[in-house]
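# Fold and contact review
Residues per chain, in single letters:
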Amino acid sequence: MVASLLLGIALVQGQARPTKVALADSALVPPAAVSMAGVALAVLARPEAPRIDGRLDDAAWRAAPVLDGFLQREPAEGAPATERTEARVVFTDDALFIAIRAWDSRADLISAQLSRRDEFTPSDWVGVMIDSYQDRRTAFEFAVNPLGVKRDVYLFNDSEADVSWNAVWEVATTQDAEGWSAEFRIPFSQLRFSGSGQDQIGLNVYRLLNRANEEQHWKLIPRESEGWVSQFGDLAGLAAVEPKRHLEILPYVLAQQDVFPAASNPFTSGSHSSGTIGGDIRAGLTPTFNLTATINPDFGQVEADPAVVNLTAFETFFPEQRPFFTEGVDLFRFPISRGSQEQLFYSRRIGRAPQGRADARGGYADQVLGTRIIGAGKVTGKTRGGWSSALLAALTAEENATVIDSTGVRHRDVVEPRTGYFVGRIGKEYRGGQTVLSAFGTGVARRITEPVNFLRSSAFTGGLNVINRFRDDTHRLRASVALSHVAGSAEAIDATQRSSVHYFQRPDAGYVAYDPTRTSLGGLSASAEVSKYSGGAWLWSLSAETRTPGFETNDLGFQRWAGQSWAEGSVSHRWLRPGPLARRADVRTRLVSGWTYDGERINTAWNVGTSLQFNNYWNLDVSVWNRTGGLRTDALRGGPALTMPANTFAFLGLTTDGRNAFRVGINTSVNRFHEGSRWYSRVGTELRWRLGSRQEFIIAPQLEWETSDFQYLATEDVNGTTEYFLGDVDRKTTSLTFRGNFTFSPTLSVQLYGEPFISNASYRSYKRAVAPRADPFVDQFEVFTDDQVFTDAGGNVSIDVDGNGQPDVDLGNPNFTALSFRSNAVLRWEYRPGSTLFLVWQHNRAETLPSGDVDLGSSTRTLVNASGGNTFLVKLSYWLNLR
């Protein structure tokens, strides 16, 4: 990788035409006053508020000072914009109005793509970002392209973004022979602006010129700055504003029809009709504190999770897509591991699939796919004094599965108890937002009955977090500590101890005592990091984290491990100025090491990588990890730890210029163990084809190959001895994700999604662990001979462990081919601001075969012929603004 470093130094040294609209009076007149650099002035709209039509000819704009002098951030940082941009701001008691004029000497080359709201397309864009709290950490972004496609984004922690946030606001655009214009109306209620004498808020205005890849800012944000909101300018003149409290109601009605193949099962009769009503409420408790509540919510328009085959001991993480939970997600984040998905709050726990199973009693049991959310609410806000708080509460219903036993008698089995959830956060900012101290807590309470006695009855976590930025906001200290406590029956806490997070039952875990009689469990998690994260060419970080064996958050959080400690250090060097071949580059290295609470090394890994953006706007990313090996505490699922050999992992990713009508992205990775026969390879490709300004097609095929010589199969008692059985498996997974986006107007679109998925697993041989820490690696196992392995006509495998010719353990049929096809089509029409009609079709089919033979053609034919179900739904919501 020294060559990569030298290459980086060498490299950096040294569409569719929019329809024109003729506007006689579209150009802005000379301003009455010009704002100072970095400080803009908003004036009262007189004699009346502008009409939002995109024509900047209203009288109110004539008295408004102009914001100009835009500078490039890309491609030539600090240089004047190649095309002139101007903006003006006026206000009324209830809204902020922004006019942006984007002059263009080549107006015939203006880029404009129609897309669904919030989709970022290769277009020209103008946008405004408003830090209404003026805390230099949070802001609301509103953007539009020349065809009127809207984007709104919530910015938090100075540089992070939540694109799922949606507000109700207005914008209109027009185009002419000299450029294009945008006119915004943003209600103060959507900004949580307190008013009451607050004269200033943070502000920035930007423009993206697609054909030149030019990014202009009114207040330039330097490339070397990792901060974003902290670099904004100011908007003054708002002291007279007295925003009103708002009350919004969004009721909905839904009709749904499920159609599936009829079968002998009485619960799959062929069709099922249902209807639902519910709604959301948003109310301003104060100008800066909002209540958001949902009653009987339905998220049928949300895309289904992708299919997966998980042969590991750990839970698969799926991102949240439900709007109620995605909006304001930053306020409910408390990470417990740096750079991972592990959090104290994982909203997918609310409304999850039931955790219990009904007893069919020799007959049939209805399948309950999800837990109904009776209601949920959250209160969020921030004071001008730097205090912020966020509270979330939710109640889910008890779910019962209907059973018809072998005699025809009906029963009701509880598969998920009624559960209450609570999340709370309170924070205080010091030193103008440079120091933030916050407290966080979660709580879960379940009404446990006998059928679900294996679940914990209560779970609580509490934590403290501090972030301190110093040395001109280039260095940062982050530290957190969290406590957890779970309680329940002995059965529930026994399951907790034996879960993949803890494995208290491991015979070689000297740091913990397994107790099947205990009824509660507690633990602690702590982490700290100090870093230089911004400014200059050199960046670095040092971090450490630890979790005691009893730390448990999975009732409302997401956690994969406990009883370990990790330390990490990283250094990177970056070049941000364009050179002969590359626009920017970086070289980075990391060292990571982990230990159990017995002081035994889990792993030590060293990484080196480089990223380049070439002058043709292609991007290359290369990364190599070398792991020295160590203990694998989960390999035998509660058995003794295995000593893993060293391995090397390599990744390469390449993407072409995103402005092109046809774009390609390729990424591939390889992982090879230095001993044994285990290796893994993955190749993924994404092809994007934009056909005109209204259609886009995305095809993303992916192939995975894996050969493993220690895939866990079972733990069995054989002749009074606990034995751990594994196999040598060859696995291949093929999937293809298709998306089609058809946009008829900025408020009317159709999205298509489909994913065929085929995964094969075929076992070649079988073994048992006999010396888990032996060196070399192959001596850890005894491989069973062909005479010891019995396979029947159904593919079921049994093992003669002691060699007496009689099977001692039955492993079932470990071979499989998993087939799945999931698809949906969603028509979305925002027929008036904030009000939406959804027409949805969902299709799902799946099949599992008792053979792992890799035959793509045969598997595809089986999938095509497999039976499937269809869901059709109509959902209509209507936004009411009551004050």
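Residues numbered from 1 in each chain as written. Predicted model: local features only at pLDDT ≥ 70, side-chain atom pairs only at ≥ 80, totals over all residues. Heavy atoms only, no water.

Look at the link from Arg-46 to Pro-47: it is a cis peptide, with omega at 0°. Topologically, Pro-47 is positioned in the loop between β2 (43–44) and α2 (59–62). One non-glycine residue, Tyr-503, lies in positive phi territory at about 50°. Summarising the element assignment, Tyr-503 is placed in the loop between α5 (490–498) and β28 (520–532). Of note, Asn-719 is a non-glycine position whose phi angle comes to about 55°, a positive value. Judged by relative accessible area, which is 61%, Asn-719 ranks as exposed. (Helix = DSSP H or I, 4+ residues; strand = E, 2+ residues; numbered from the N terminus. Buried < 20%, exposed > 50% of the residue type's maximum accessible area, 1.4 Å probe, protein only.)

Together, Trp-538, Trp-540, Leu-542 and Val-571 make up an exposed nonpolar region whose accessible area comes to about 400 Å². Here the nonpolar patch gets three residues from one element, more than from any other, and that element is strand β29 (residues 538–547). (Patch = residues over 30% accessible without salt bridge, like charges linked within 9 Å, V, L, I, M, F, W, Y side chains within 5 Å. Areas by Shrake-Rupley, 256 points an atom, 1.4 Å probe, with all protein chains shown as cover. Salt bridge = Lys/Arg side-chain N within 4 Å of Asp/Glu carboxyl O.)

By size, the foremost hydrophobic cluster in this structure holds 39 residues, and its most contacted members are Leu-96, Phe-142 and Phe-184. Once residues lying within four places of it in the same chain are set aside, the contact partners of Leu-96 are Val-89, Val-90, Phe-91, Ile-130, Phe-184, Arg-185, Ile-186, Phe-188, Leu-191, Ile-201, Leu-235 and Leu-238. Phe-334, Phe-504, Val-512 and Leu-556 belong to the second largest nonpolar core, which has 29 residues in total. (Core = buried A, V, L, I, M, F, W, Y, C linked by side-chain atoms within 4.5 Å. Contact = heavy atoms within 4.5 Å.)

So, on to the side chain of Asn-647. Tracing the backbone through its elements, the reader meets Asn-647 in strand β36 (residues 647–655). For Asn-647, the side chain forms a polar contact with the side chain of Asn-671, separated by 2.7 Å. (Polar contact = N/O pair within 3.5 Å; in protein donor to acceptor, adjacent residues only side chain to side chain.)

To continue, consider a negative patch on the surface. Negative charge collects at one region of the surface, where Glu-716, Asp-717, Asp-792 and Asp-810 lie side by side. You can see Asp-717 is positioned in strand β39 (residues 695–718). With relative accessibility at 53%, the residue Asp-717 sits in the exposed group. (Lys, Arg positive; Asp, Glu negative; His and termini not counted. Charge placed at Lys NZ, Arg CZ, Asp CG, Glu CD.)

Strand pairing in a sheet is mediated by backbone hydrogen bonds. Such pairs are either parallel or antiparallel. Read across the sheet, three strands follow the order β43-β44-β45 without closing on themselves; strand pairing throughout is antiparallel. Every interior strand has two partners, whereas the edge strands, β43 (789–791) and β45 (809–812), have only one. On average, each strand axis in the sheet is inclined to that of its neighbour by 25°, with strand direction left out of account. Relative to strand β44 (residues 797–799), β43 runs antiparallel, the two being bridged by three bridges. The residue bridging Phe-790 from the neighbouring strand is Ser-798, located in β44. (Pairing = 2+ DSSP bridges. Axes fitted to C-alpha atoms, helices over the stretch in contact; angles between N-to-C directions.)

Spatially, the three strands line up as an open sheet ordered β19-β22-β23, and their pairing is antiparallel. One side of each edge strand has no neighbouring strand; the edge strands of this open sheet are β19 (364–365) and β23 (410–416).

In this section: the environment of Asn-296. Looking at the element boundaries, Asn-296 is found in the loop between β18 (289–295) and α4 (323–326). C-alpha of Asn-296 to C-alpha of Ala-376: the two residues are 80 residues apart in sequence and 8.4 Å apart in space. Among all residues touching Asn-296, those that are not within four sequence positions of it are Tyr-252, Thr-276, Ile-277, Gly-278, Arg-372, Ile-373 and Ile-374.

Turning our eyes to something else, we now look at the environment of Arg-690. Relative to the assigned elements, Arg-690 resides in strand β38 (residues 679–691). For the pair formed by Arg-690 and Glu-675, sequence separation is 15 residues and the distance between their alpha carbons is 46 Å. A polar atom in the side chain of Arg-690 sits 3.4 Å from the side chain of Gln-113. A polar contact of 3.4 Å, which involves the side chain of Arg-690, links it to the backbone oxygen of Asn-660.

One pass over the full model with this rule turns up 25 aromatic pairs. Between the aromatic rings of Tyr-154 and Phe-156, the centroid separation amounts to 6.1 Å while the plane-to-plane angle is 25°, which identifies the pairing as stacked. For Tyr-154, a relative accessible area of 8% translates into the label buried. For the pair Phe-777 and Phe-781, a centre-to-centre distance of 5.3 Å together with 80° between the ring planes defines the contact as edge-to-face. Per residue, the accessibility class of Phe-777 equals that of Phe-781, and both read buried. Cation over ring: Arg-101 sits above Trp-103, and NZ or CZ is 4.4 Å from the ring centre. The cationic tip of Arg-547 hangs over the ring face of Trp-561; the distance from NZ or CZ to the ring centre is 3.7 Å. (Phe/Tyr/Trp six-rings, centres within 6.5 Å; stacked < 30°, edge-to-face > 60°. Lys NZ or Arg CZ within 6 Å of the ring centre and 35° of its normal.)

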